[in-house]
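# Topology and contacts: notes
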Amino acid sequence: DGGITQSPKYLFRKEGQNVTLSCEQNLNHDAMYWYRQDPGQGLRLIYYSQIVNDFQKGDIAEGYSVSREKKESFPLTVTSAQKNPTAFYLCASSINRGANYGYTFGSGTRLTVV
Amino acid sequence: KNQVEQSPQSLIILEGKNCTLQCNYTVSPFSNLRWYKQDTGRGPVSLTIMTFSENTKSNGRYTATLDADTKQSSLHITASQLSDSASYICVVSAYSGGGADGLTFGKGTHLIIQP
């Protein structure tokens, strides 16, 4: 079955640590996205990528980094520069970036600072 | 500034009853409007996508309507089931503006179905 897989489901980070969230898709989608979801707020875009080896900052990119070395994979690193990283992180993909393309979301990773 | 407002913020209804969720938006130029269902601790799942020319779209017991003139949409759930308990998110897509991906997300309506 085609889909988008995020791992781990739960992640705990100590102060000052970098952590990496995995996102893999087998839908042959060109575009991939990372969103952050906080209670009572709409999803906010962190980074997106339209093609391999290219990515763009979203609305809240500070303290995060990404890579897109393969079409199927778009990992997100939450760096120590992100001062409030506790949140639910969602990865999504679409056939292409554009207003008319529907998104497929992963099941999310819940990151907690301990 | 593009905005999507959803109401009510939360809703509790009895199993078997119908309900309607509202979405008002100020997004332009409008491309499409999407409704997603998000179970607790899971990713959103698409229910419907409507373009400017569509004013009704159904997906099983879910029916979405769109009034592009008044910039309003509703999601009607018929004969609710316990599995309908979730957050419902309205997302409006613009050809430009909104977030860097052209999408503006509502904060969602949290629906609880009681037996």
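Above: the structure in question.
Residues numbered from 1 in each chain as written. Chains lettered and ligands numbered in written order. Predicted model: local features only at pLDDT ≥ 70, side-chain atom pairs only at ≥ 80, totals over all residues. Heavy atoms only, no water.

### Observations concerning the overall build of chain B
Helix and strand counts for chain B come out as 0 helices and 11 strands. Its helices and strands taken in sequence order, chain B reads β-β-β-β-β-β-β-β-β-β-β from the N to the C terminus. For chain B, the C-alpha radius of gyration of 14 Å lies close to 13 Å, the compact-globule estimate for 115 residues. Dimensions along the principal axes, computed over C-alpha positions, put chain B at roughly 45 × 30 × 20 Å. Burial statistics for chain B: of 115 residues in total, 44% are counted as buried. In chain B, the share of contacts with a sequence separation of at least 24, taken over all contacts with a separation of at least 6, comes to 57%. Counting every atom, chain B has about 5400 Å² of accessible surface; 50% of that belongs to carbon and sulfur. The average position of the 9 basic charges and that of the 8 acidic charges among the side chains of chain B differ by 4 Å. (Helix = DSSP H or I, 4+ residues; strand = E, 2+ residues; numbered from the N terminus. Rg over C-alpha atoms; globule rule 2.2 N^0.38 Å. Buried < 20%, exposed > 50% of the residue type's maximum accessible area, 1.4 Å probe, protein only. Contact = heavy atoms within 4.5 Å. Areas by Shrake-Rupley, 256 points an atom, 1.4 Å probe, with all protein chains shown as cover. Lys, Arg positive; Asp, Glu negative; His and termini not counted. Charge placed at Lys NZ, Arg CZ, Asp CG, Glu CD.)

### Concerning the pattern of salt bridges
Residue and element names in this part refer to chain A. For the structure shown, the criterion picks out 5 salt bridges over all chains. The partner of D30 in a salt bridge is K71, and the shortest N-O contact between them spans 3.3 Å. Of the two residues, D30 sits in the loop between β3 (19-25) and β4 (31-37) while K71 sits in the loop between β7 (64-66) and β8 (76-78), which places them 41 residues apart along the sequence. What emerges from the salt-bridge pattern is a single network uniting R36, D38 and R44. (Salt bridge = Lys/Arg side-chain N within 4 Å of Asp/Glu carboxyl O.)

### Overview of the sheet that holds strand β1 (residues 4-7) of chain A
All names here are of chain A. The 4 strands lie next to each other as β1-β3-β8-β7, forming an open sheet whose pairing is antiparallel. Of all strands in the sheet, those with a lone pairing partner are β1 and β7, marking the two edges. Each strand axis lies, on average, 20° off the axis of its neighbour in the sheet, ignoring direction. In this structure, β1 lies alongside β3, joined through 4 bridges in antiparallel fashion. If you follow I4 over to β3, its bridge partner there is Q25. (Pairing = 2+ DSSP bridges. Axes fitted to C-alpha atoms, helices over the stretch in contact; angles between N-to-C directions.)

### What about the interface of chain B and chain A?
Counting residues at the interface gives 21 residues for chain B, matched by 25 residues for chain A. At the boundary of chain B with chain A, total buried surface from both sides reaches about 1700 Å², with 51% on carbon and sulfur atoms. The tally of links from chain B across to chain A stands at 0 salt bridges. On inspection of chain B and its partner chain A, the count reaches 2 residue pairs in polar contact (both at pLDDT 80 or more). Contributions of two or more residues to the side of chain B that touches chain A are made by β4 (30-38), β9 (86-94) and β10 (103-105) of chain B. By residue number, the principal contributor to the side of chain B that touches chain A is β4(B), which donates 5 residues. The residue makeup of the side of chain B that touches chain A, split by class, is 9 nonpolar, 8 polar and 4 charged. (Buried area = accessible area lost by both parts, 1.4 Å probe. Polar contact = N/O pair within 3.5 Å; in protein donor to acceptor, adjacent residues only side chain to side chain. Nonpolar A, V, L, I, M, F, W, Y, C, P; charged D, E, K, R; others polar.)

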